[in-house]
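Next come the chains, spelled out residue by residue.
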Amino acid sequence: MESPTPVIVAIDGPSGTGKSSTSKAVATQLGLSYLDTGAQYRAITWWMVSNGIDIDDPAEIAAAAGKPEIVSGTDPQGPTITVDGVDVAGPIRTQEVTSKVSAVSAVSEVRARITELQRSIAASAEQGIVVEGRDIGTTVLPDADLKIFLTASPEARAARRSGELKGSDVHSTREALIKRDAADSSRKTSPLAKAGDAVEVDTTELTLAQVIECVVTLVEEKRAGK
Ligand SMILES: Nc1ncnc2c1ncn2[C@@H]1O[C@H](COP(=O)(O)OP(=O)(O)OP(=O)(O)O)[C@@H](O)[C@H]1O
Ligand SMILES: Nc1ccn([C@@H]2O[C@H](COP(=O)(O)O)[C@@H](O)[C@H]2O)c(=O)n1
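Within every chain, residues take consecutive numbers counted from 1 along the sequence as written. The lettering of chains begins at A and the numbering of ligands begins at 1, in the order of writing. In keeping with the predicted nature of the model, local features appear solely for residues at pLDDT of at least 70, side-chain atom pairs appear and are counted solely at 80 or more, and the whole-chain, interface and lining totals rest on all residues. Derived side-chain values reflect all non-hydrogen atoms in the structure, with water molecules and hydrogen atoms excluded from consideration.

- Within an unreviewed UniProt entry, the label attached to the chain reads Cytidylate kinase, and the organism entered is Streptomyces violarus.
- Listed under Subcellular location (unreviewed entry) in UniProt, the entry text for the chain is "Cytoplasm".
- Heading Sequence similarities (unreviewed entry) of the UniProt record for the chain holds this comment: "Belongs to the cytidylate kinase family. Type 1 subfamily." UniProt positions are given in the numbering used here, feature names are shortened, and annotations may be inferred rather than shown by experiment.

Structural data, given as structure tokens:
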């Protein structure tokens, strides 16, 4: 039997809308690769912090942007991320990295480097790939076969995140999410934005299983040529 043509799916949206959980499950169900582009921006931020780069100085960040080697593993059931051969899956999720990643990802030299990496990973995915982030549909893969833009109310997103981060209160989690989205949406180079041809899915009142089913159906319809 002929194998289906590779399909490229772009999933964007603000923090905590369910991009990672949805993308991993959709890629697993459909036998596709998976790329978490937020992890790449977190990894380069972790390297900057670990190497004493001044995060408040865009010129210093730009000058260092080409130095770390970032490698992403794209198995949706076990995605990996290394910097110069070091597994950074844990360290990139710290509060320190989360609070600094928007400043690092706003620097155009950083975006150019990471965007090139993302395009080469997508191009080499034999069965196709689900790529999630903030600018995948608008900038990284503007010719993706399917573009999804996930949204959810700040309250729903904060409640989801607070459930993950034991001991954090919903109010401060909500404020932190809003602040990061504002920074990501207002930067000059490829801000967080919905592509004109993306399908918007508001997940506020949906369970994760419902969102996954919705996206799988959209991919299957695309593949069937509807
Ligand atoms: N529809 C949903 N209903 C309830 N919980 C959900 C839903 N979607 C995702 N979640 C939960 O919300 C949390 C955040 O989801 P996830 O990490 O997938 O979001 P994200 O958009 O990738 O966030 P970020 O951009 O910050 O990495 C996870 O604990 C996940 O299990
Ligand atoms: N395509 C992308 C993806 C992410 N970013 C930046 O990385 C931060 C972390 O993303 P998470 O998905 O892991 O929360 C995010 O806040 C952005 O600053 C990006 O710029 N472009």
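## Some remarks on the overall build of the chain
Then comes step 1: Counting secondary structure elements, the chain contains 9 helices and 8 strands.
Then comes step 2: Buried positions account for 46% of the 226 residues belonging to the chain.
Then comes step 3: Partitioning the intrachain contacts of the chain with sequence separation of at least 6 by distance along the chain shows that 76% fall at a separation of at least 24.
Then comes step 4: The Shrake-Rupley method, run with a 1.4 Å probe, gives the accessible areas here. Residue values count only the displayed protein chains as cover. Of the roughly 10,900 Å² that the chain leaves accessible, carbon and sulfur atoms contribute 52%.
Then comes step 5: In this tally, Asp and Glu contribute negative charge and Lys and Arg positive charge; neither His nor the terminal groups of the chain are included. To locate a charge, the coordinates of NZ of Lys, CZ of Arg, CG of Asp or CD of Glu are taken. Averaging the coordinates of the 24 positive side-chain charges in the chain and doing the same for the 32 negative ones gives two points 3 Å apart. Only runs of H or I of at least four residues qualify as helices and only runs of E of at least two qualify as strands under DSSP, and these elements are numbered from the N terminus. Per-residue accessibility, obtained with a 1.4 Å probe over protein chains only, is compared with the maximum for each type, and a residue is labelled buried under 20%, exposed over 50%, and partly exposed between these values. Pairs of residues are marked as contacts when any of their non-hydrogen atoms sit within 4.5 Å.

## Some remarks on the site of ligand 1
Then comes step 1: Among the 17 residues in the neighbourhood of ligand 1, the closest are listed as K19, S20, S21, R161 and E164.
Then comes step 2: Polar contacts here mean pairs of N or O atoms no more than 3.5 Å apart (in protein, one a potential hydrogen donor and the other a potential acceptor; neighbouring residues in sequence count only if both atoms are side-chain atoms). Contact distances for ligand 1 include 3.0 Å between an oxygen atom and a backbone N or O atom of G18.
Then comes step 3: One of the side-chain nitrogen or oxygen atoms of R160 is found 3.5 Å away from a nitrogen atom of ligand 1.
Then comes step 4: When the free accessible area of ligand 1 is taken as 630 Å², the share hidden by the protein chains comes to 80%.
Then comes step 5: Note on residue classes: Ala, Val, Leu, Ile, Met, Phe, Trp, Tyr, Cys and Pro are nonpolar, Asp, Glu, Lys and Arg are charged, and everything else, Gly too, is polar. Taken together, the residues of the shell around ligand 1 break down into 4 nonpolar, 7 polar and 6 charged. What makes a residue near a molecule or strand is one non-hydrogen atom of that residue sitting within 4 Å of it.

## Comments concerning the site of ligand 2
Then comes step 1: If you check the shell around ligand 2, you find 16 residues, and the closest are R42, R111, D135, R180 and D184.
Then comes step 2: Between S105 and ligand 2, the recorded distance is 2.9 Å, taken from a side-chain N or O atom to an oxygen atom.
Then comes step 3: Contact distances for ligand 2 include 2.8 Å between a nitrogen atom and a side-chain N or O atom of D135.
Then comes step 4: Expressed as a share of its isolated accessible area of 460 Å², the protein-covered part of ligand 2 is 96%.
Then comes step 5: Of all the secondary structure elements, the ones that give two or more residues to the shell around ligand 2 are α2 (37-50), α4 (95-105) and α8 (170-186).
Then comes step 6: Of the residues forming the shell around ligand 2, the biggest block, 4 residues, is contributed by α2.
Then comes step 7: A breakdown of the residues in the shell around ligand 2 according to their chemical character gives 3 nonpolar, 5 polar and 8 charged.

## Examining the sheet that holds strand β2 (residues 33-36)
Then comes step 1: We treat two strands as partners when DSSP finds at least two bridges between them. Read from one edge to the other, the open sheet built from 5 strands follows the order β2-β6-β1-β7-β8, with strand pairing classed as parallel. Looking at which strands have only one partner, the edges of the open sheet turn out to be β2 and β8 (199-202). Geometrically, the sheet is characterised by an average inter-axis angle of 20° between neighbouring strands, direction not taken into account.
Then comes step 2: Summarising the sheet, strand β7 (residues 146-151) and β8 pair through 4 bridges and their orientation is parallel. Each residue of the ladder has a partner; that of T151, found in β8, is D202.
Then comes step 3: A fitted line through C-alpha atoms represents every axis, and for helices the fit uses only the stretch in contact; the resulting angles, taken between N-to-C directions, go from 0 to 180 degrees. Seen against the sheet, helix α1 (residues 19-30) touches β1 (7-12), β2, β6 (128-133) and β7 and runs at an angle of roughly 175° to β6.

## Thoughts on the nonpolar core
Then comes step 1: In terms of nonpolar packing, the biggest core is built from 22 residues, with M48 and V110 touching the most fellow members.
Then comes step 2: With 6 residues, the top contributor of residues to this core is α2.
Then comes step 3: Setting aside chain neighbours within four positions, we find V110 in contact with Y41, I44, I61, A65, V104 and S105.
Then comes step 4: Only buried Ala, Val, Leu, Ile, Met, Phe, Trp, Tyr and Cys residues count toward a nonpolar core, and they belong to the same one when joined by side-chain atoms within 4.5 Å. In terms of nonpolar packing, the next biggest core, distinct from the first, is built from 19 residues, V7, L146, L150 and V215 among them.

## Digging into the side chain of Q118
Then comes step 1: Tracing the backbone through its elements, the reader meets Q118 in helix α5 (residues 108-123).
Then comes step 2: Not counting residues up to four positions away in its chain, the partners in contact with Q118 are L35, T37, Q40, Y41, I136 and V140.

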